[in-house]
Amino acid sequence: MWRRATLLSSLLPSSKASVLNQEKGRIPKKEKPPFITFVLGGPGSGKGTQCAKIVENFGFTHLSAGDLLRNEISSNSENGAMILDTIREGKIVPSNVTVKLIQRAIESSDNDKFLIDGFPRTEENRRTYERIIGAEPNIVLFFDCPEDEMVKRVLSRNQGRVDDNKDTVRKRLEVFTSLNLPVINYYSQKGKLYKIRAVGTEDEIFEQVRPIFAAVESLLKLYDDSTRSNKDLLIFKVP
Ligand code: UDP
Ligand code: MG
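Rules used throughout
- Residues numbered from 1 in each chain as written.
- Chains lettered and ligands numbered in written order.
- Predicted model: local features only at pLDDT ≥ 70, side-chain atom pairs only at ≥ 80, totals over all residues.
- Heavy atoms only, no water.
- Near = heavy atom within 4 Å.
- Polar contact = N/O pair within 3.5 Å; in protein donor to acceptor, adjacent residues only side chain to side chain.
- Areas by Shrake-Rupley, 256 points an atom, 1.4 Å probe, with all protein chains shown as cover.
- Helix = DSSP H or I, 4+ residues; strand = E, 2+ residues; numbered from the N terminus.
- Nonpolar A, V, L, I, M, F, W, Y, C, P; charged D, E, K, R; others polar.
- Buried < 20%, exposed > 50% of the residue type's maximum accessible area, 1.4 Å probe, protein only.
- Arc of directions from axis to C-beta.
- Contact = heavy atoms within 4.5 Å.

Asker: So what exactly am I meant to see when it comes to the site of ligand 1 here?
Answerer: Ligand 1 sits among 19 residues. The nearest are Lys 47, Arg 70, Lys 91, Val 93 and Arg 121. Lys 91 is positioned such that a nitrogen or oxygen atom in its backbone is 2.6 Å from an oxygen atom of ligand 1. Arg 161 is positioned with one of its side-chain polar atoms (N or O) 3.0 Å from an oxygen atom of ligand 1. In the complex, the protein chains occlude 97% of the 520 Å² of accessible area that ligand 1 would expose alone. Of the residues forming the shell around ligand 1, the biggest block, four residues, is contributed by helix 4 (residues 65-74). By residue class, the composition of the shell around ligand 1 is seven nonpolar, four polar and eight charged.

This is the structure we're talking about:
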């Protein structure tokens, strides 16, 4: 079983683990599909902050689409310059570029539960993910925050980002409203959306997030020793 195999190999240093897998004559393959959460919300809605708390409390792996793209810029990859220009303008990087980065990060992780933060940003992003990955997310969180609060947070966070300025934040908000809200509505209609009122302190907001992941945790325990499939998980409703 994939989970047992990765657990065993994660106890060993990576070189030993890969030798072990070679001896078995196969590349470790994820037999059970991972549990995927998309984390959506406008710029400054608190996605990254709350993801860190979910990681700490529930052992998820956090994949920020924005961070994966920024890593591509700093590693001077062939798409780096194009990604930098796109982010500077608050526009959306071509879907296949972002999806391949997400796919690579999922595949190279030993974990089987992920938070994909800040993706998909458009319906086209969503369809490309589904086509390349071949699955839908299990649940989708939406951090709902008033626009003036988001602007205030972005302009005061000082993380040295090229896009955290007055002009680009306006553009990002426009892109969010016109392109991301349709994605949020799509998942709402599918019954997969969990809306969080993203106002208050970090801890207050997390108290809305916690029960969702407590339920997910029980669900994953239940399926741990059975044949987990996305279909099984889709019929489960988190309260
Ligand atoms: N971005 C993108 N596709 C993605 C995620 C991010 O093109 O799937 C780009 C986009 O230009 C966005 C920027 O990266 O404005 C920063 O995204 P991030 O999620 O880091 O920041 P947020 O706007 O949520 O604060
Ligand atoms: Mg972020």
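Asker: Quick question: what am I supposed to make of helix 4 here?
Answerer: Along helix 4, the residues that are buried comprise Ala 65, Gly 66, Leu 68, Leu 69 and Glu 72. Buried residues of helix 4, seen end-on, are gathered within an arc of 165 degrees and therefore sit on one face of the element. The inward-facing, buried residues of helix 4 contact strand 2 (61-64), helix 5 (80-88), helix 6 (95-107) and strand 3 (113-117). Positive backbone phi, at 55 degrees, marks Asn 76, one or two positions downstream of helix 4.

Asker: Is there a simple way to think about the side chain of Glu 130 in this case?
Answerer: Note that Glu 130 resides in helix 7 (residues 123-133). Taking the relative accessible area as the measure of exposure, Glu 130 reaches 19% and is therefore buried. With residues up to four places along the chain from it excluded, the contact list for Glu 130 reads Ala 135, Glu 136, Tyr 186 and Tyr 187.

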